[in-house]
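# Report on the structure
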Amino acid sequence: MKTFSIGGIHPPESKLTASKAVENMPLPSEIVVSMSQHLGKPAKPLVKVGEEVKKGQRIGEADGFISAHVHAGTSGKVKSVKSVPHPGGNYSLSVIITTDGEDSWAEGLNTAPIDWKGLTKESIIEKIKDAGIVGMGGAGFPSSVKLSPPPDKTIDTIILNGAECEPFLTADHRVMVESAEEVIKGLEIITSLFQGKAKPFIGIEANKPDAIEAMQKAAKGTGIEIVSLETKYPQGAEKQLINAITGRTIEEGQLPFDKGCLVHNIGTAVAIYDAVCCNRPLVERVLTVSGMEISSARNIRAVIGTRFSSIAAFCGNMSEKTNQVITGGPMMGRSQFTLEVPVTKTTSGILFINNAALETSRERTCIRCGKCIDACPQSLEPWLLGNEAQFRRLDDAELYGLANCTECGSCTFVCPSKRELVHWIKYAKALVNNRKQRKTA
Amino acid sequence: MEPVKLKVSYAPFVRSKDSIESVMYNVALALLPATAMSVYYFGIPALLVTITAIAASVGFEWLTDKIRKKPDSCLDGSAVVTGLLLALNVPSGLPLWMVVVGAFVAIVVTKHLFGGLGFNIFNPALVARVFLLISFPVAMTSWAVPFAVDMQTAASPLGILKTDGMAALANFSYMDALLGKTGGSLGETSVLALLMGAAWLFYKRYITISIPLSFIASTLAFTGIFYLIDPTTYASPLFHFLTGGLVLGAFFMATDMVTSPLSLRGQLLFGIGCGLLTAVIRLWGGYPEGVSFAILIMNSLVPLLDKWDLDEIKAKKQKSLTTA
């Protein structure tokens, strides 16, 4: 069984919904489609208040190279275009649509599956771009950009990330079990863009034997290698996954394509299949609704723009003990201040938890136990980066490898002094960025 | 409808169960077999020393927190461990007021004057032991005889070796030393009980093997060389392993997280340094026992050993910046 070579932790897996089939979430009466669902510049809204929209209609235009189109998740009428809370923790410009319940597709979309093999490389990438597909694992990097690496980089390895190492999350797991064919076809489409020079892999953590089995069955005869990975966090982090499967190490400042690799998420592969073969833009996604404080934890397929409050109601509401709602997994997710935020293209899960430590825990002094050093998959000294950040010694922090931190949170998980190490590191990164911007301005 | 108030905090939202308390109380738990053995051999006086040392340490911790206006840390377990280690480092017959002085030196002087938990350079219990040894040399070297009824005292095996040479050790029993039936500090006696505790800490992964292994191996290697040269003058490595504070020091004092290096290289060098200094002091020093001094001297080098590693990280990065 393969794994990454340095560090890593074993948080409780808490995969409560691993055996629960994906359920379709009923259409809410209103959806909130954010213009910032990806890395890069927000999209520009294309619709006005009062306008009728169809399902799949482009309502936000990509602004610049690193940006992505945004589509209406269902048919209805634009109620307003305004800045509303976003799961990223800020406010973002969003198109709010009152749904009409018809759920009728715009013309030319959602067609019967075609064979992608007749399509040219350019038209495939164009279709992916038109569908507004971004990395659905969390980062939200526009896929069409990722699939067009600079010509001087040779891609020899394509990895589909089915590790899903975050506790609680089972969305990718269920997709692999239930939509194995689409996952494989999506990966074949991606691989075809590199003229057969790249070897395709799917990396899956060993705690999902049914997913490994389903993928192995579906991958028969396709040349795709299914790799069983040790269950260890952060196995699904891009750099760690590449290391586990190829043995290569992405150095500081390098991107995966510098080492000939390209990593895509399971959900993204399905979205690519949908876009290329069925002309379906990215308007819905599978996500896990879980945590100890939601009465019926499940995996759902929800229209992008569905508010968390509707999802909480669909899943039997949260208990009174809930004190935090998290988007994403508990290791790298974000806590929310309101349930009015919508599902975006990168929402892999919503967790309803009672974080008891929140009330009692405080940061203590470092006792130099060295656990953070052992846990760090990037061989950093998290305790030191934490200190440098707290005292704002940014130059030193950079010299000690600040930029090399992937913010996986392993150091913070293991710290017996409950130091908010990864928070301090993110804080230092933000200060360094500000400083750079001021210098260039 | 928002039935509950949502709170915003930083990721990760799950944390391991490890805490300062769990680390410290597990160390205390690991020291229990040795403490129990000492009470078995030395009786009520040993128990009184132990209770006094712990109570005084926790008391001083509480008082210093109050004076420094810091959140209470007296029950975080670190003062308990310091007190327990102090007790294990003194003879059972030590007057209790001296134990209290020792606790003061450990908690107030060595720990809090340097900034409190995590910031002390030296191992608090060891500084206290050395302070007491220098201040009250007679009281600190009056070792009770195991199972004595009339406060009978005797020299420790290492003390006999130092003053009377190898010939005086004709009756030395390795088995008694292993079980702890010899004169010595509370925790210096039973190697077996100490190793049981150490095994627990390894199992819980609170200590790594690097420091104890390099410490003990280098002591044994160094004393072994001289034993091979002249077995009539120098004691065997096994004798050095079973007597004095080597096992207590190597597994419980040198491994103190706060005062030992972070990297494997640092830990190995630290351990080897401790071992060599221990052997040198035992063979030729003025004191029969050298473990405390050796660890304290090496403690003072820890910031340097750590800086070496960190400077290397920095230099590597600077080099990559200049070549880029």
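Cut-offs and rules
- Residues numbered from 1 in each chain as written.
- Chains lettered and ligands numbered in written order.
- Predicted model: local features only at pLDDT ≥ 70, side-chain atom pairs only at ≥ 80, totals over all residues.
- pLDDT = per-residue confidence, 0-100.
- Domains from an automatic or database assignment.
- Contact = placed C-beta atoms within 7 Å.
- Nonpolar A, V, L, I, M, F, W, Y, C, P; charged D, E, K, R; others polar.
- Pairing = 2+ DSSP bridges.
- Helix = DSSP H or I, 4+ residues; strand = E, 2+ residues; numbered from the N terminus.
- Right-handed = clockwise from strand over helix to strand, strands pointing away.
- Axes fitted to C-alpha atoms, helices over the stretch in contact; angles between N-to-C directions.
- Parallel < 35°, antiparallel > 145°, perpendicular 65-115°, else oblique.
- Left-handed = near helix turned anticlockwise from the far one by under 90°.
- Core = buried A, V, L, I, M, F, W, Y, C linked by C-beta atoms within 7 Å.
- Buried ≥ 20, exposed ≤ 12 C-beta atoms within 10 Å, placed from the backbone.

Another aspect to go through is the confidence of the model for chain B. Within chain B, residue pLDDT values average 90, and 97% of them lie at 70 or more. What the predictor reports for the complex is a pTM of 0.92 with an ipTM of 0.89.

Moving on to the domain arrangement of chain A. Residue and element names in this part refer to chain A. What the domain assignment reports for chain A is domain 1 (1-25 + 104-360) and domain 2 (371-440). Its C-alpha centre places domain 1 at a distance of 27 Å from the equivalent point of domain 2. Taken together, the contacts link 15 residues of domain 1 with 15 residues of domain 2. Partitioning the side of domain 1 that touches domain 2 into residue classes produces nine nonpolar, four polar and two charged.

Our next topic: the interface of chain A and chain B. Listed as interface residues are 45 residues of chain A and, on the opposing side, 31 residues of chain B. Taken together, the residues that form the side of chain A that touches chain B break down as 24 nonpolar, 15 polar and six charged.

Moving on to the pairing of strand E11 (residues 225-229) of chain A. Residues and elements named next belong to chain A. Inspection of the sheet shows strand E10 (residues 199-205) paired to E11 by five bridges, in the parallel sense. Looking at E11, one finds that Ile204 is bridged to Ser228. Crossover connection from E10 via helix H5 (residues 209-219) to parallel E11: handedness right-handed.

What follows is about the packing of helix H4 (residues 180-192) of chain A against H5(A). All names here are of chain A. Taken N-terminus to C-terminus, the directions of H4 and H5 make an angle of 60°; their axes are 9 Å apart at the nearest point. It follows from the interaxial angle that H4 and H5 lie oblique. Like other packed secondary-structure pairs, H4 and H5 cross with a definite hand, here right-handed. Here Ala180, Glu181, Val183 and Ile184 of H4 come into contact with H5, specifically with Ala214, Met215, Lys217, Ala218 and Ala219. When its residues are assigned to classes, the contact of H4 with H5 shows seven nonpolar, no polar and two charged.

Moving on, we come to the nonpolar core. Within the largest apolar cluster, 214 residues are counted, with the highest numbers of intra-cluster contacts made by A:Met215, A:Ile272 and A:Leu385. When residues in this core are grouped by element, the largest group, 10 residues, is from helix H1 (residues 20-42) of chain B. Summarising the domain contributions, this core has at least three residues from each of domain 1 (1-25 + 104-360) and domain 2 (371-440) of chain A.

All names here are of chain A. Overall, parallel pairing links the four strands, which are arranged E11-E10-E9-E12 in an open sheet. Two strands bound the open sheet, and with one partner strand each, they are E11 and strand E12 (261-265). Taken over all neighbouring pairs, the strand axes of this sheet differ in orientation by 25° on average, direction set aside. As paired elements, strand E9 (residues 157-162) and E12 share five bridges and run parallel to each other. If you follow Ile158 over to E12, its bridge partner there is Leu262.

Turning next to the sheet that holds strand E17 (residues 349-353) of chain A. Residue and element names in this part refer to chain A. Read across the open sheet, the six strands follow the order E1-E14-E13-E17-E15-E16; overall the sheet is mixed. Single-partner strands in this sheet number two, and they are strand E1 (23-24) and strand E16 (334-335). Both strand E13 (residues 284-290) and E17 contribute to a ladder of three bridges, which runs parallel. Bridge pairing in E17 links Val289 to Ile350. Packed onto the sheet, helix H3 (residues 171-178) meets E13, strand E14 (298-303) and E17 and runs at close to 125° relative to E13.

Burial of helix H11 (residues 246-253) of chain B is extensive: eight of the eight residues sit out of reach of the surface. Looking at H11(B), one finds that the buried residues are B:Leu246, B:Val247, B:Leu248, B:Gly249, B:Ala250, B:Phe251, B:Phe252 and B:Met253.

Another point: the packing of H4(A) against helix H7 (residues 266-278) of chain A. Residues and elements named next belong to chain A. It is at 7 Å that the axes of H4 and H7 come closest, and there the two elements cross at 80°. Here H4 is positioned roughly perpendicular relative to H7, judged by the angle of their axes. Seen from H4, the contacting residues are Glu182, Val183, Lys185, Gly186, Leu187, Ile189 and Ile190; seen from H7, they are Ile266, Ala269, Val270, Ile272, Tyr273 and Val276. Taken together, the residues that form the contact of H4 with H7 break down as 10 nonpolar, one polar and two charged.

What follows concerns the pairing of E12(A). Counting buried residues in E12(A) gives five out of five residues, a clear majority hidden from the surface. Of the two faces of E12(A), the one lined by A:Cys261, A:Val263 and A:Asn265 and the one lined by A:Leu262 and A:His264 are each fully buried.

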